[in-house]
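Structural description and commentary
Chain residues, written in single-letter form:
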Amino acid sequence: DFGAKMIHNNHLSDSYVINSTLSKEVGYKMKQPYNHAILTLIPHYDFKYENFKARVGVQLDYQIDIENEFNIAPDVYLDWSATSILSAYAHFTGGVHQNSMSSIFDVSHYFSPSMAYQNSKLPYVIDAGVNIGPFKNATLEIFGGYARANDWYMPCVESGVHKMESIDLDGWHLGVAA
């Protein structure tokens, strides 16, 4: 589908507002379009000693948007292999998530491409886990984590119109994988 391919990586968004002075046939007036981009730098230090590996750094995100912003988030990875069948890891990350039309359409194809969605922020994401195995070609992973998201877009329907609502949220995840 040619139209879907054209929209897939479109980061140019037009905002619309209702203008009561226009005729009922038109109903909407286009506001000034805007582009948004993220410039990311991740300076880090890598360290390895016997069975321990670490990557310690920060993620520096400069948002080029309606309001230019600078964000700092952790970028830390710790991995330890206790034995050939037991290892553990902890990751502390974060950053800025760009809400492209492609990522919005991954949630639902019913959203209007004329709506403007700003970036979401992840101040921190913490993931940790333990890997056990292999035992007879099977590995068991026990993992968990916690994250905080600001301006995260969640789908909703208001007056029959599909849209994304910006909310702040945080939550845990736990699991086992084989």
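Here the structure is a predicted model, which means the values were calculated and not measured.

On to the overall build of the protein chain, then. Summing up its helical and strand segments, the protein chain has two helices and twelve strands in all. Out of the 178 residues belonging to the protein chain, those deemed buried represent 25%. When contacts within the protein chain are restricted to residue pairs at least 6 apart in sequence, long-range pairs at least 24 apart make up 49% of them. Carbon and sulfur atoms make up 60% of the accessible area of the protein chain, which amounts to about 11,900 Å² in all.

Turning to the packing of aromatic side chains, a few remarks are in order. Enumeration according to the criterion identifies three aromatic pairs in this entry. Pairing Tyr-124 with Tyr-146 gives two aromatic rings, centres 6.1 Å apart and planes at 20°, and the pair type is stacked. Taken together, the residues span a long stretch of sequence, with Tyr-124 in strand β10 (residues 120-135) and Tyr-146 in strand β11 (residues 138-158) at a distance of 22 residues. Here a set of aromatic residues connected by ring pairs shows up, and it is made of Tyr-124, Tyr-146 and Trp-172.

So, about the environment of Pro-155. Position of Pro-155 among the secondary structure elements: in strand β11. Given the relative accessible area of 48%, Pro-155 is considered partly exposed. Measuring from C-alpha to C-alpha, the distance between Pro-155 and Ile-104 comes to 9.1 Å, with 51 residues separating the pair along the chain. Discounting residues that sit within four places of it in the chain, Pro-155 has contacts with Val-107, Phe-111, Lys-163 and Met-164.

Right, let's talk about a nonpolar patch on the surface for a bit. Taken together, Ile-85, Leu-86, Val-130, Phe-135, Leu-140, Ile-142 and Val-176 make up a surface patch of nonpolar side chains, about 550 Å² in accessible area. On the basis of relative accessible area, Leu-86 is assigned to the partly exposed category, the value being 36%.

With that settled, consider the pairing of β11. Relative to β11, β10 runs antiparallel, the two sharing eleven bridges. Its bridge partner lying in β11, Ile-126 is registered against Tyr-146. The turn joining β10 and β11, which pair antiparallel and follow one another in sequence, is formed by two residues; a positive phi near 50° is taken by Lys-136. Note that β11 and strand β12 (residues 161-177) share 16 bridges and pair antiparallel. By the bridge assignment, Ala-147 is partnered in β12 with Gly-171. Linking β11 to β12, which pair antiparallel, is a turn of two residues; within it Ser-159 sits at a positive phi near 55°.

This paragraph deals with the nonpolar core. Counting residues in each nonpolar core, the largest one holds seven residues, listed as Met-101, Ile-104, Phe-105, Phe-111, Tyr-117, Tyr-153 and Met-164. In terms of residues, this core owes the most to one element, helix α2 (residues 101-107), which gives three residues.

A cis amide bond, omega 15°, links Gly-133 with the succeeding residue Pro-134. Phi angles above zero are rare outside glycine, and Lys-136 is one such case at about 50°. Along the polypeptide, Lys-136 turns up in the loop between β10 and β11. Although it is not a glycine, Asp-151 adopts a positive phi angle of roughly 55°. When its relative accessible area of 30% is taken as the criterion, Asp-151 is described as partly exposed.

Conventions adopted
- Residues numbered from 1 in each chain as written.
- Predicted model: local features only at pLDDT ≥ 70, side-chain atom pairs only at ≥ 80, totals over all residues.
- Heavy atoms only, no water.
- Helix = DSSP H or I, 4+ residues; strand = E, 2+ residues; numbered from the N terminus.
- Buried < 20%, exposed > 50% of the residue type's maximum accessible area, 1.4 Å probe, protein only.
- Contact = heavy atoms within 4.5 Å.
- Areas by Shrake-Rupley, 256 points an atom, 1.4 Å probe, with all protein chains shown as cover.
- Phe/Tyr/Trp six-rings, centres within 6.5 Å; stacked < 30°, edge-to-face > 60°.
- Patch = residues over 30% accessible without salt bridge, like charges linked within 9 Å, V, L, I, M, F, W, Y side chains within 5 Å.
- Salt bridge = Lys/Arg side-chain N within 4 Å of Asp/Glu carboxyl O.
- Pairing = 2+ DSSP bridges.
- Core = buried A, V, L, I, M, F, W, Y, C linked by side-chain atoms within 4.5 Å.

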